[in-house]
Amino acid sequence: TSVPVGVSKASRRCLISTSTSAEMIPKVAVAVAAVVGLLAVFLPPQCAVPPGGFAPTKFRPVPAMVVKQNTRLTPDDPTYVEFLKHRILGPESVVMRGSNELYASTADGRVVKMELQWRDGKLIGVSEPESVFENPTWSPDCVLHAFQSLQKRRAFHDHHCGRPLGLALSPQQTKLYVCDAFHGVAELDLAEGGVRFLAHRGHDVAGTPLTLPNHVAVARSGTVYISESSTRFSLEDYPYDILENVPSGRILAFDPHSEKISVVAEGFAWSNGIVLSPDECELFVAESARYRVRRVHLCGEETGEVSVAIDGLPGFPDNLRMIDNKLSVAIFAPRRKFIDTLSEYPMLRRAMFYVPIFVFQFIVRNYGLALLVDTESGEVTDELHDPSGAFSFAVTELTDVGNGYAVIGSLLADKLAFVKPFGSADAQAE
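Just so it is clear, the structure is predicted and the values come from calculations on it, not from any experiment.

Okay, unusual backbone geometry next. Look at D120: it is not a glycine, yet its phi comes out positive at around 55°. Relative to the elements of secondary structure, D120 occurs in the loop between β4 (110-119) and β5 (122-126). Of the residues examined, D120 reaches a relative accessible area of 83% and is grouped as exposed. For Y291, which is not glycine, the phi dihedral falls at a positive 55°. Relative to the helices and strands, Y291 resides in the loop between β18 (282-287) and β19 (292-297). The exposure class assigned to Y291 is buried, which follows from its relative accessible area of 2%.

Right, here's the structure in full:
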């Protein structure tokens, strides 16, 4: 048994063997894909054809680390609480300003503000969401359409409404940065009011248009780091980008002095959430399509180099945050053997581009999962699960909100849920 890069030998107990053999390959997956390939003769492509056509790459994912199921993301955990049922839609990314001001990016195309209500360190309520940002083409109909979509557990992606994703505050907490997948990267002035776009979608960055801004992180210097998930597909076609697995994702940087955007690193297979290390010498990047977290070195002789921080994750990593110097890794969905098998068969994956996108919701398993990881050792120190997917699912973020609580971001939830990620005495005793 070998240990994936970025994971210490001490974590061997958390890993399964990296050996693979032909007998492990589920033949049914290949057979199904072959049938789809035949059907592709009669079906048109189900997404916009990217530049150069569909070009799936062959790769072999590192086997998944073993995780131990629990029910920490459900009411079984005594610290788990829910608020705003049906009154907030798809809070994908959430940031905390001060001690009680919460901002969330939502499926109906807005960024909303809420106030947390505390009593003796216990979270007892959340105020009604108040809109602080809508993109220029937004309309009230977006709320209804998003609600209807989420009731079917389907993502709502609409150019007209927009889809704000990653959020980050400036170090002084006077500005809020928003990545809207359809419109670009916006800066909200929380002190004086007003909105300006640092870059609109389509903005030229080193000869390639900005295509899918996803997440953002802000350094103390004012530099704004941006993850661009893909330069080949837009958000509504993201399953096809995952299938193709062409590493077209980039990490960009907006310089507040020159107001220009440059490329910091590239070659990511769906670069997703990003977060700076406490000393800002590393930028951690969730590489969703490869089940890993990579680090971009920003200081010293290694500046500009990219290495693997955590590999063999049990699912698709989404947004990243730091909680008590631990890396919070939200897992959007668990891995499926069907998808892992197809990774070594590019031609069969090519056939999947002719499958209607709604089919993919039957492949993705509803399961809630978030991990806390020591970035030095690669050890998973805490796991939070909802095996049923009934309470927490499509988890996109776990963000510290104070008093030991963290908020659970989700692409598809119609509520706001909180839990103490390091566990209560009851949870730890199980």
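A surface patch of nonpolar side chains, amounting to about 330 Å² of accessible area, comprises I357, F358 and F362. With respect to the helices and strands, the residue F358 is situated in the loop between α5 (346-351) and β23 (368-373).

Under the counting rule described, the total for this entry stands at 19 salt bridges. With a shortest N-O distance of 3.9 Å, K175 and E187 are connected by a salt bridge. Pair noted here: K175 is in strand β8 (residues 175-180) and E187 is in strand β9 (residues 184-189), with a separation of twelve residues, a long-range link. Relative accessible area serves as the criterion here: at 28%, K175 is assigned to the partly exposed category. For the salt bridge of R196 with E187, the shortest nitrogen-to-oxygen distance reads 2.9 Å.

To continue, consider helix α2 (residues 141-151). Those residues of α2 not exposed but buried are C142, A146, S149 and L150. Projection of α2 onto a plane perpendicular to its axis shows the buried side chains occupying an angular sector of 95°, all on one side. R153, located one to two residues past α2, shows a positive phi value of around 55°.

When you line up the elements, D386 lands in strand β24 (residues 380-386). With no salt bridge to any partner, buried D386 finds its closest opposite charge in K415, at an N-O distance of 6.8 Å. Engagement of the side chain of D386 in a polar contact is seen with the backbone nitrogen of A390, the distance being 3.3 Å. Those residues in contact with D386 that sit more than four places away from it in its chain are N70, L73, T74, Y367, G368, F391 and S392.

Okay, empty space enclosed by the protein next. To find leftover empty space, one rolls a probe the size of a water molecule over the atoms. Within the structure shown, the criterion is met by three cavities of 30 Å³ or more. A volume near 70 Å³ is recorded for the largest cavity. Of the residues in the lining of the largest cavity, the class split is seven nonpolar, two polar and two charged. If you trace the second largest cavity, you find it lined by F391, S392, F393, V395, I408, S410, A413, K415 and A417.

The next subject is the state of the cysteines. Applying the stated rule across the entire model yields two disulfides. Covalent S-S linkage joins C142 and C161, the inter-sulfur distance amounting to 2.0 Å. Judged by the sign of its S-S torsion, about -90°, the bond between C142 and C161 is left-handed. Of this pair, C142 sits in helix α2 while C161 sits in the loop between α2 and β7 (164-169), and the two are 19 residues apart along the sequence. Grouping residues by exposure puts C142 and C161 together as buried.

Strand direction decides the pairing type here: β9 and strand β10 (residues 195-200), joined by five bridges, are antiparallel. Following the sheet pairing, V185 is matched in β10 by A199. Where β9 folds back on β10, the antiparallel hairpin that results is connected by five residues, among which G193 adopts a positive phi of roughly 85°.

Before going further, it helps to spend a moment on the sheet that holds strand β15 (residues 249-254). Sheet architecture is open: four strands sit in the order β13-β14-β15-β16, paired in antiparallel fashion. Pairing within the sheet leaves two strands with one partner each, and these edge strands are β13 (213-218) and β16 (261-268). Pairs of neighbouring strands in the sheet enclose a mean axial angle of 20°, with direction left out of account. As paired elements, β15 and β16 share six bridges and run antiparallel to each other. Paired with F254 across the bridge in β16 is I261.

This part takes up the layout of surface pockets. What the largest pocket holds in volume is close to 930 Å³. In terms of lining, the largest pocket is formed by 37 residues, of which the most central are Y238, P239, F332, F360 and V364. Sorting the residues of the lining of the largest pocket by element identifies α3 (238-244), β21 (315-323) and β22 (326-334) as the ones contributing at least two each. The leading source of residues in the lining of the largest pocket is α3, at four residues.

Attention shifts here to the confidence of the model for the protein chain. The predicted model of the protein chain averages 89 in pLDDT, with 88% of residues at 70 or higher. Confidence drops under a pLDDT of 50 for residues 1-25, and excluding neighbours within four residues, the segment shows 41 contacts in the predicted structure. Low pLDDT (under 50) marks residues 424-430, which in the prediction has eight contacts with non-local residues, meaning those over four places away or in another chain.

Residue position: L212 is located in the loop between β12 (208-209) and β13. As for L212 and F182, which are separated by 30 residues in sequence, their C-alpha atoms are 7.0 Å apart. Setting aside residues no more than four positions away along its own chain, L212 makes contact with A181, S227, E228, S229, S230, F233, S234, L235 and W270.

Definitions and limits used
Residues numbered from 1 in each chain as written. Predicted model: local features only at pLDDT ≥ 70, side-chain atom pairs only at ≥ 80, totals over all residues. Heavy atoms only, no water. Helix = DSSP H or I, 4+ residues; strand = E, 2+ residues; numbered from the N terminus. Buried < 20%, exposed > 50% of the residue type's maximum accessible area, 1.4 Å probe, protein only. Patch = residues over 30% accessible without salt bridge, like charges linked within 9 Å, V, L, I, M, F, W, Y side chains within 5 Å. Areas by Shrake-Rupley, 256 points an atom, 1.4 Å probe, with all protein chains shown as cover. Salt bridge = Lys/Arg side-chain N within 4 Å of Asp/Glu carboxyl O. Arc of directions from axis to C-beta. Lys, Arg positive; Asp, Glu negative; His and termini not counted. Polar contact = N/O pair within 3.5 Å; in protein donor to acceptor, adjacent residues only side chain to side chain. Contact = heavy atoms within 4.5 Å. 1 Å grid on protein atoms, 1.4 Å probe; cavity = no way out; pocket = protein on both sides within 12 Å on 5 of 7 lines; lining within 4 Å. Points joined across faces, edges and corners; volume = space filled by probe spheres on them. Nonpolar A, V, L, I, M, F, W, Y, C, P; charged D, E, K, R; others polar. Disulfide = S-S within 2.5 Å. Pairing = 2+ DSSP bridges. Axes fitted to C-alpha atoms, helices over the stretch in contact; angles between N-to-C directions. pLDDT = per-residue confidence, 0-100.

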